[in-house]
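Inside the fold
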Amino acid sequence: MLDVKPLRYFIALAEVKNFHRAAERLHLSQPSLSRHIAALEKAVGTQLVERNTRQLMLTPAGESFYQDARKILESLQQAQQLARDTAAGKSGSLRVGFTMYSAHSVIPEYVRLIRHHFPNIALELEEAVTEDLPDKVLAGEVDLAVLVEGSARVGMQTLTVLTEPLCVAMSRTHPKAKSRKLQIEDLRDDPFVMTSASAGSRLTAVIMDYCRAHGFEPMVSLQVRLQHTMLSLVNDASYVALVPSSVQQLKMDGIVFKPLADAPQVNLAVAWSSDNRNPCLNSFIKLLIQRHAAV
């Protein structure tokens, strides 16, 4: 194996084609530089420099070695920079798990933030249901999960990133679809479609508690695992659903979204394992904390 220092010496000599000037550039004595070049030639196994000409010239082997030596040093510098960037959380990968709800609120913003602040971080997105996300975080399958606050488990840290009200999703043909704003009591006799208590976790609990606080037990006619399925079923005029307001950005034929008077608020949070040592995660969390502190 060659020491890279002689490579730097040889490159300097090849570029100025003069032992004296190369030695000055390298802050070496000329005899010391000559010894290093001779030792390099011995290690390579062939002559690299023509010393008997008026002007220093490289041998054909020297010309070839010069080109490769430059590539080696450039690759080494890139490797060193990449190692520093990786340790600093500026390069690497970040795996983010999310639900359909956050896909229409914070996920697009996070993609923009990564591209702008950390262009060398590869972002991997994985959509899942809420009940699966904590397991994925704790198992290290994702570095970060975006979920309804209150869904995290022991061993996880959280940061609240969004607070938004719930609204009503219903078919355009629903009898109340022309109302500007609804009271939750208006839906007392309507069949609800919800994600199951396990799949919806905290959000399902918020909806149930909200209805009960207004004097009725919601008539849950259908329970589903996937949020996309829930909205698809709302297309049937007989069903209604309560969803975060950001879901209105999802344009689905046949569905309208109506504001609720005294609507309950839900908090969206990012959650990560306390044992996660991914430097990219640390960098991104710091960025989110700074952004939310500035608001």
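Above: the structure in question.
This one's a predicted model, so the numbers in the text were calculated from it and none came from an experiment.

The next thing to look at is the packing of aromatic side chains. This model, assessed by the stated rule, comprises two aromatic pairs. Taking 5.3 Å as the distance between ring centres and 85° as the angle between the ring planes, the aromatic pair formed by Tyr110 and Phe284 counts as edge-to-face. Of this pair, Tyr110 sits in helix H6 (residues 107–117) while Phe284 sits in helix H11 (residues 279–294), placing them 174 residues apart in sequence. For Phe284, a relative accessible area of 1% gives the class buried.

With that out of the way, let us pick up the packing of helix H2 (residues 19–26) against helix H3 (residues 30–44). Between H2 and H3, whose axes approach to 9 Å, the crossing angle comes to 100°. The pairing of H2 with H3 is recorded here as roughly perpendicular in orientation. Judged by residue contacts, Phe19, His20, Ala22, Ala23 and Leu26 of H2 engage Gln30, Leu33, Ser34 and Ile37 from H3. Considering only residue class, the contact of H2 with H3 consists of six nonpolar, three polar and no charged.

According to the stated counting rule, one finds twelve salt bridges in the structure shown. Glu131 serves as the salt-bridge partner of Arg225, at 2.2 Å between the closest nitrogen and oxygen. With Arg225 in the loop between strand E8 (219–224) and helix H10 (227–234) and Glu131 in the loop between strand E4 (120–127) and helix H7 (133–138), this residue pair connects regions lying 94 residues apart in the sequence. By relative accessible area, which is 40% here, Arg225 ends up partly exposed.

With that settled, consider the environment of His116. Secondary-structure assignment places His116 in helix H6. C-alpha separation for the pair His116 and Ala43, spaced 73 residues apart in sequence, amounts to 46 Å.

On to the environment of Gly97, then. Relative to the assigned elements, Gly97 resides in strand E3 (residues 91–98). Residues Gly97 and Val137, 40 residues apart in the sequence, show an inter-C-alpha distance of 8.2 Å. Gly97 has contacts with Glu126, Leu133, Val142, Leu144, Ala145 and Val146, leaving out every residue within four places of it along the chain.

Here the focus is the pairing of strand E6 (residues 156–171). As defined by bridge partners, E6 adjoins strand E11 (residues 265–273) across nine bridges and the pair is classed as antiparallel. Directly across from Leu159, in E11, lies its bridge partner Val270. Both E6 and strand E9 (residues 240–244) contribute to a ladder of five bridges, which runs antiparallel. Opposite Met170, over in E9, you have Val240 as the bridge partner. By the bridge criterion, five bridges tie E6 to strand E10 (residues 255–259) in an arrangement that is antiparallel. Of the residues in E10, the one forming a bridge with Val168 is Lys258.

Following the sequence through the fold, Ser171 ends up in strand E6. Residue class for Ser171 comes out buried when judged on its relative accessible area of 2%. In this structure the side chain of Ser171 is engaged in a polar contact, spanning 2.8 Å, whose partner is the side chain of Thr173.

Formed by 62 residues in total, the largest nonpolar core has its most connected members in Tyr110, Val146, Leu187, Leu242, Val243, Val270 and Phe284. The element that contributes the greatest number of residues to this core is E6, accounting for seven residues. Discounting chain neighbours no more than four positions away, the residues touching Val146 are Val96, Gly97, Phe98, Thr99, Ser102, Val106, Ile107, Tyr110, Leu133, Leu268, Ala269 and Val270. Membership of the second largest hydrophobic core comes to 21 residues, among which are Ile11, Leu40, Val49 and Leu56.

Counting along an α-helix, one turn takes 3.6 residues, and residues three or four places apart therefore face a common direction. For H10, the complete set of buried residues consists of Gln227, Met230, Leu231 and Val234. The buried residues of H10 all sit within an arc of 95° when viewed along its axis, so they share a single face. Close packing links the buried residues of H10 with helix H5 (100–103), E6, strand E7 (191–195), E8, E9 and E10.

Definitions and limits used
- Residues numbered from 1 in each chain as written.
- Predicted model: local features only at pLDDT ≥ 70, side-chain atom pairs only at ≥ 80, totals over all residues.
- Heavy atoms only, no water.
- Phe/Tyr/Trp six-rings, centres within 6.5 Å; stacked < 30°, edge-to-face > 60°.
- Helix = DSSP H or I, 4+ residues; strand = E, 2+ residues; numbered from the N terminus.
- Buried < 20%, exposed > 50% of the residue type's maximum accessible area, 1.4 Å probe, protein only.
- Axes fitted to C-alpha atoms, helices over the stretch in contact; angles between N-to-C directions.
- Parallel < 35°, antiparallel > 145°, perpendicular 65-115°, else oblique.
- Contact = heavy atoms within 4.5 Å.
- Nonpolar A, V, L, I, M, F, W, Y, C, P; charged D, E, K, R; others polar.
- Salt bridge = Lys/Arg side-chain N within 4 Å of Asp/Glu carboxyl O.
- Pairing = 2+ DSSP bridges.
- Polar contact = N/O pair within 3.5 Å; in protein donor to acceptor, adjacent residues only side chain to side chain.
- Core = buried A, V, L, I, M, F, W, Y, C linked by side-chain atoms within 4.5 Å.
- Arc of directions from axis to C-beta.

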